[in-house]
Amino acid sequence: MSQLVRDLFVSNVTRDIPPVVYFHEQSPEKLQDEVAEYIITGGFPEGSVQRQRVPDGIHEQAVRLCINLAAELDRAGGPDLPNVWISGFYGSGKSSFAKLFGLALDGVGLPSGRSLAEAFLARDTSPQAAALRAAWSGLRQRLNDPVAVVFDIGGFARDGEHVHAAAVRALQARLGYSARSPHIALAELELERGGSKHFNAHSQALFNAPWSALNEDMHAPARFSRLMAKAFPEVYRDDRDWHMRHSGAASTNLSPEDAIRAIGDMLRQRRPEATVFFIIDEVSQYVLADPDRVERLRAFASALGAGLKGRAWLFALGQQKLESEQDDSFLVKTKDRFPQRLRVHLAATNIQDVVHRRLLHKRPEAAAALRALFDQHRADLKLNAYGGEHISPDEFVEVYPLLPGHIDLVLRLTTALRSRSSRAQGDAQAIRGLLQL
């Protein structure tokens, strides 16, 4: 072949591809870049080479999740356990999947004029792409006003707070309650619960602005204290009283039951038709650091269905499959809170397919030339190439200028290293084992 290798590919192989998806990056511009690089694996018919390589890809997992979510929403009285567990090794795409799935449900628009949902569904180019569109449509029709609250618990949590407390605080920010102070946010909700109508009038009189325009200001605690003294002089003796009572308090000490009540009341007050999806990354790693976090997460997951009847959902992410047979307190104590039908696992085979399609996808004219090259050197490949006796023409075209065996070996090494490290066998032992593969 006389042309340059870089000219064989559909996409520029030297482009910058961020190695990690960050949950806090949710601007429309960033989401447009992320979804443009996203690969929905799977979706191939039985018996095809692609189906043999990825028998249960992102397509299959997404279709199953949409169908089962819709079925749960149709249950009389709402779902008992509205909890989804999304697992997968590093690099499998679980964070990308959860983030894009949730924000697409939310109805986020992109700078291009398309919705994130449309851009996400368009990334399924498989022969069975219509099945995902149908399942997505069926789910979306059951949701009047979906709201996605997406965050990484490790980066978002304050002072080691529990998952349920972080979820409340994230929803407060999303619905316009004060994100600067959880104490102000809870007081705002209490005012709404009590039907207080004169609070904004006091704010307008004191500060010439409604309180909703001031609650993120650096002076919000002091101003809120003045407003509380004005509105409730029989409770707060002067302008500093409310602020002094709450200053320095790091936590609101919400119980899981308090959190359920706060979530329900916030939705009733500000988004009465909404269904909220809490999509939380790195949950298993976070709660395993403290046994009490495990118990509180279990209590929160148990109470969601009974307290909110499908108005709030928990999507929790972790590396482990909940089916894993390990002596692990999180897996043992919490897996019954996440129904089998609402579990998503992205296997390592997805990594291989992403490499093939994101980086190595060939132009149609290049594919024909590569098939001719394969025919020309078939005997040499079978005799000399790593794993060459098993290479098919399709596989050669897909991964050129690499070999299928090269990608398989990298995946085996990566999976083995992570698996052995997770069992605390030590780096040296893991490396010795890898050298024997």
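That block above? That's the structure.
Since this is a predicted model, take the numbers as computed values, not measurements.

### Remarks on the packing of helix 10 (residues 199–207) against helix 11 (residues 220–231)
Part 1: Two elements in contact, helix 10 and helix 11, have axes separated by 10 Å at closest approach and are oriented at 120°. Between helix 10 and helix 11, the crossing angle belongs to the class labelled oblique. Read as a crossing pair, helix 10 and helix 11 show a hand that is right-handed. Residues Phe199, His202, Ser203, Leu206 and Phe207 of helix 10 touch helix 11, and the partners they reach there are Arg223, Phe224, Arg226, Leu227, Met228, Lys230 and Ala231.
Part 2: Of the residues assigned to the contact of helix 10 with helix 11, the class counts are seven nonpolar, two polar and three charged.

### With respect to the pairing of strand 4 (residues 312–318)
Part 1: Extensive coverage of strand 4 is indicated by the burial of seven of its seven residues.
Part 2: Where burial is concerned, the two faces of strand 4 agree: the one with Ala312, Leu314, Ala316 and Gly318 and the one with Trp313, Phe315 and Leu317 are both buried.
Part 3: Here strand 1 (residues 83–88) pairs with strand 4 via five bridges, running parallel. Paired with Val84 across the two strands is Phe315, which belongs to strand 4.
Part 4: In terms of strand pairing, strand 3 (residues 274–281) meets strand 4 through five bridges, oriented parallel. Paired with Ile279 across the two strands is Phe315, which belongs to strand 4.

### Re the sheet that holds strand 1
Part 1: What the five strands build is an open sheet, ordered 2-3-4-1-5; its pairing is parallel. Bordering the open sheet on either side are strand 2 (145–152) and strand 5 (343–346), each of which pairs with just one other strand. Going across the sheet, the axis of each strand differs from the next one's by a mean of 15°, ignoring polarity.
Part 2: Strand contacts of helix 3 (residues 58–73): strand 1, strand 4 and strand 5, with the helix running at about 175° to strand 5, the strand carrying the most contacts.
Part 3: Along the sheet face, helix 4 (residues 94–106) touches strand 1, strand 2, strand 3, strand 4 and strand 5 and points at about 150° away from the line of strand 2.

### A few points about the packing of aromatic side chains
Part 1: Evaluated as defined, the whole model comprises 15 aromatic pairs.
Part 2: Here the aromatic rings of Phe101 and Trp136 are separated by 5.3 Å at their centres, their planes lie at 80°, and the arrangement is edge-to-face. Here Phe101 is found in helix 4, whereas its partner Trp136 is found in helix 6 (residues 129–140), with 35 residues between them in sequence. Comparing Phe101 with Trp136, the two get one shared label, buried.
Part 3: Considering the side-chain rings of Phe151 and Phe156, the 4.8 Å spacing of their centres and the 45° angle between planes classify their relative orientation as tilted.

### Brief notes about the pairing of strand 1
Part 1: Buried residues dominate strand 1, accounting for six of its six residues.
Part 2: The pairing of strand 1 with strand 5 spans four bridges and is parallel. Within strand 5, the position partnered with Ile86 by the bridge is Val344.

### Structural notes on a nonpolar patch on the surface
Part 1: On the surface, a nonpolar cluster with roughly 280 Å² of combined accessible area is contributed by Val20, Tyr22 and Tyr90.
Part 2: Inspection of the secondary structure assignment puts Val20 in the segment before helix 1 (28–37).
Part 3: A residue is classified by how much of its surface remains accessible, and Val20, at 31% relative accessible area, is partly exposed.

### A closer look at the environment of Leu214
Part 1: Here Leu214 lies in the loop between helix 10 and helix 11.
Part 2: Considered as a pair, Leu214 and Ser178 are 36 residues apart in the sequence and their alpha carbons are 8.9 Å apart.
Part 3: Among all residues touching Leu214, those that are not within four sequence positions of it are Ser203, Phe207, Ala209, Ala220 and Arg223.

### Considering the environment of Ala366
Part 1: Topologically, Ala366 is positioned in helix 18 (residues 364–384).
Part 2: Of the residues examined, Ala366 reaches a relative accessible area of 2% and is grouped as buried.
Part 3: Taking the C-alpha atoms as reference, Ala366 lies 5.4 Å from Leu8; in sequence the two are 358 residues apart.

Cut-offs applied
- Residues numbered from 1 in each chain as written.
- Predicted model: local features only at pLDDT ≥ 70, side-chain atom pairs only at ≥ 80, totals over all residues.
- Heavy atoms only, no water.
- Axes fitted to C-alpha atoms, helices over the stretch in contact; angles between N-to-C directions.
- Helix = DSSP H or I, 4+ residues; strand = E, 2+ residues; numbered from the N terminus.
- Parallel < 35°, antiparallel > 145°, perpendicular 65-115°, else oblique.
- Left-handed = near helix turned anticlockwise from the far one by under 90°.
- Contact = heavy atoms within 4.5 Å.
- Nonpolar A, V, L, I, M, F, W, Y, C, P; charged D, E, K, R; others polar.
- Buried < 20%, exposed > 50% of the residue type's maximum accessible area, 1.4 Å probe, protein only.
- Pairing = 2+ DSSP bridges.
- Phe/Tyr/Trp six-rings, centres within 6.5 Å; stacked < 30°, edge-to-face > 60°.
- Patch = residues over 30% accessible without salt bridge, like charges linked within 9 Å, V, L, I, M, F, W, Y side chains within 5 Å.
- Areas by Shrake-Rupley, 256 points an atom, 1.4 Å probe, with all protein chains shown as cover.
- Salt bridge = Lys/Arg side-chain N within 4 Å of Asp/Glu carboxyl O.

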